[in-house]
Amino acid sequence: MKASHLVVGFGALATVAMAAAPASAATLDTVKSRGQLVCGVNNSLPGFSAPDEKGQWSGLDVDYCKAMAAAIFGDPSKVKYVPLTAKERLTALQTGEIDVLARNTTWTMSRDASLGLNFVGVNYYDGQGFLVKKSLGVKAGKELNGASVCVQSGTTTELNLADYFRTHKMTYQSVVFDTSDQTLQGFESDRCDVLTSDQSQLYGLRSKLPDPSKAVVLPDVISKEPLGPVVRQGDEQWFDIARWTLFAMLNLEEAGVTSKNLGEMLKTTNPDVKRLLGTDGEFGKQLGITNDFGAQIAKAVGNYGESFERNVGEGSPLKIARGLNALWTNGGLMYGPPIR
Amino acid sequence: MAETFVPLPSLPPPSGSVGVGAWLRTRLFNGPVNSILTLVCLWLVASVLIPLFDWGVIRGHFVGSDPQACRDGGACWLFIGARLRFFIYGFYPDGELWRVNVVLFTAVAVIVALAIPGTPGKRWIVPGAIVGMPILTIVFMHGGVFGMPVVATDQWSGLTLTLVLSIVGIVAALPMGIVLALGRRSKMTVIRLLCTMFIEVWRGVPLISVLFMASVMLPLFLPEGLQFSKVLRAMIGIVLFESAYMAEVVRGGLQAIPRGQTEAAAALGLGYWRTMALVVMPQALKLVIPGIVNTFIALFKDTTLVLIIGLFDVLATIHATIVDPDWPNIATEGYLFAAAVFWVFCFGMSRYSQALERKLHTGHKRN
């Protein structure tokens, strides 16, 4: 179905974008005829998706959107980013406002089972952690007995914190704030010894301290927060494209293909790499996209490791260690099934 | 011998009742209680202002572009400069910014022309602007004609979006409010009931829930694939909500017009519409200028609520950039800047309304 745009005047100005797409139409066809992938992202989570001073989006989740656009169109710029709040993100996907949601969404059973959505995989293993002042000399979460903890109100973070201290029979005093920058201000002004939040955010908050080297993120992770892209249920082809985009990024890293050495890698004789880059076999065709989608992704955003380093790792102000997000070959959990 | 009476020159006032010393004594230190109060207040003002001045001006950073320079704890105003483009235009594409500038400049020109007394052709400017500005805004900001590429509404953001939302709200809510207010006072039962219901329903729900309904619930009821742009949904929500408030403000003005005015108009042979348009409304609207502007100012500030449905108004752009890990904790600077922006616009509206009141006042004012 072709999308038609009508412009009508309502009061002062109005735009009605009427995309006439019946519910049964394949998402891939809709996306192709629209010429754009519509990707739901976080309004601002540094490292995952945040606009820069020119209004350009960047981040780990944004890179996933770009990779998908590269796999479908061979052009990472053919993405429309829809910034979404936590409350509207799942509705936006259910109603077809977006094609794929890449907005640090935790994969939970109830979301997967009851909302008509499918989680594609995990592009970041997150978990709740602790940020402590170095001067305290604390090395592990279990030494935090009696500590005062800065925490954001109304989040699962608060519940996880209570559970953790109860199971380890420790006491704590919570100092509750409304937003994350207030929480940080509380930590900065010594209202508490410890700040708790998801680890991915702790690194960002630490980098905003006047002297980041005076605080340290403890290695303990007290909750499981696997974050991943989500698509609507009922379109298996689209689900597979979304899923193999993620796997391709992981497999590229495992095979050692980067955005820089892609040229040489295209000439390789290694059969695994040839299948991945589409110089051998018809694997993309089976998904309804081009065979060289692996090479297109490598060209557009590079492999998963490159994207990680650029957005949240050593190449970024966040400086998050790979940890659980390393490849399985390096002791992490990232594992892409083989392309055969 | 007539002696003319020449009064001696007046003596100067006693030295204790003039000058700085007397002013201080009579106004600030007149009695022990007032003296203590003065000292306490002085201490309070000093303990707030001195650190604020020290932080914002003396230790503040105004020039340069290096985020690391801001790590010493002073105010980091260069952050505002570095992100100003994003605060004003948001996601509007770089090469097309002139189109926003044309619209904003025209709007400013119209307002200035209206504010200056004696601008020629003033009676044509208002209707011209009400019809022309929306067309100009659609043509330039949305594009798609005259070779200008389309910029979809989801790329309208920053201060631009705040202004578009509030100007549309103001321009549309006032006429709707007038119609609703007349409807609520109508003698026709059905119309009166409908208008009363509309006003009470929209006034009875918080704007935030209206926006949530428009952004989260409405798409669930629409057939899959049919989508309205989010900006449009928010705009309709704001206009419906504010017109209900405006209706009650205007009704307040209508109540204040004595019945004799309507009866006199009827005696002159004027019908309902002409009575309203020529006799009642001009008097009623003039009376409620403060109330109308109050509603406008509230509307302008309420537009920040679109932040919770993921639209980037000026506050949301600030919100989104203060978390940038490249910069130290700059939340305070960001929010102060937002406050300054809103204050400038609201104060401007307030001054304009006061000028309008002075101009339209016909001698009934008591003060």
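Residues numbered from 1 in each chain as written. Chains lettered and ligands numbered in written order. Predicted model: local features only at pLDDT ≥ 70, side-chain atom pairs only at ≥ 80, totals over all residues.

Caption draft 1: Layout of the packing of helix α12 (residues 289-302) of chain B against helix α14 (residues 331-360) of chain B. All names here are of chain B. It is at 10 Å that the axes of α12 and α14 come closest, and there the two elements cross at 165°. Here α14 runs roughly antiparallel to α12, going by the angle between their axes. In the packing of α12 onto α14, the handedness of the crossing is right-handed. Seen from α12, the contacting residues are I289, P290, V293, F296, I297, F300 and K301; seen from α14, they are F342, F345, C346, M349, S350, S353, L356 and E357. (Axes fitted to C-alpha atoms, helices over the stretch in contact; angles between N-to-C directions. Helix = DSSP H or I, 4+ residues; strand = E, 2+ residues; numbered from the N terminus. Parallel < 35°, antiparallel > 145°, perpendicular 65-115°, else oblique. Left-handed = near helix turned anticlockwise from the far one by under 90°. Contact = placed C-beta atoms within 7 Å.)

Caption draft 2: Summary view of the domain arrangement of chain A. Residue and element names in this part refer to chain A. With domains assigned, chain A is organised as domain 1 (27-125 + 226-330) and domain 2 (128-223). The C-alpha centroid of domain 2 is placed 31 Å from the C-alpha centroid of domain 1. Contacts between domain 1 and domain 2 engage eight residues on the former and four residues on the latter. Split by residue class, the side of domain 1 that touches domain 2 holds six nonpolar, one polar and one charged. (Domains from an automatic or database assignment. Nonpolar A, V, L, I, M, F, W, Y, C, P; charged D, E, K, R; others polar.)

Caption draft 3: Focus on the nonpolar core. Ranked by size, the top nonpolar core spans 167 residues in total, and within it C39(A), C65(A), M68(A), V194(A), I297(A) and A234(B) carry the most contacts. Among the elements that line this core, the one with the most residues is helix α6 (residues 159-184) of chain B, at 15 residues. Residue contacts for A234(B): discarding those within four places in its chain leaves L165(B), L211(B), A214(B), V306(B), I309(B) and L311(B). (Core = buried A, V, L, I, M, F, W, Y, C linked by C-beta atoms within 7 Å. Buried ≥ 20, exposed ≤ 12 C-beta atoms within 10 Å, placed from the backbone.)

Caption draft 4: Structural view of the domain arrangement of chain B. All names here are of chain B. For chain B, the assigned domains read domain 1 (78-92 + 151-360) and domain 2 (98-150). Here the C-alpha centroids of domain 1 and domain 2 sit 19 Å apart. With 10 residues of domain 1 in contact, the opposing surface of domain 2 contributes nine residues. Looking at the side of domain 1 that touches domain 2, the element that brings in the most residues is α6, giving three residues. Across the side of domain 1 that touches domain 2, the residue classes tally to nine nonpolar, one polar and no charged.

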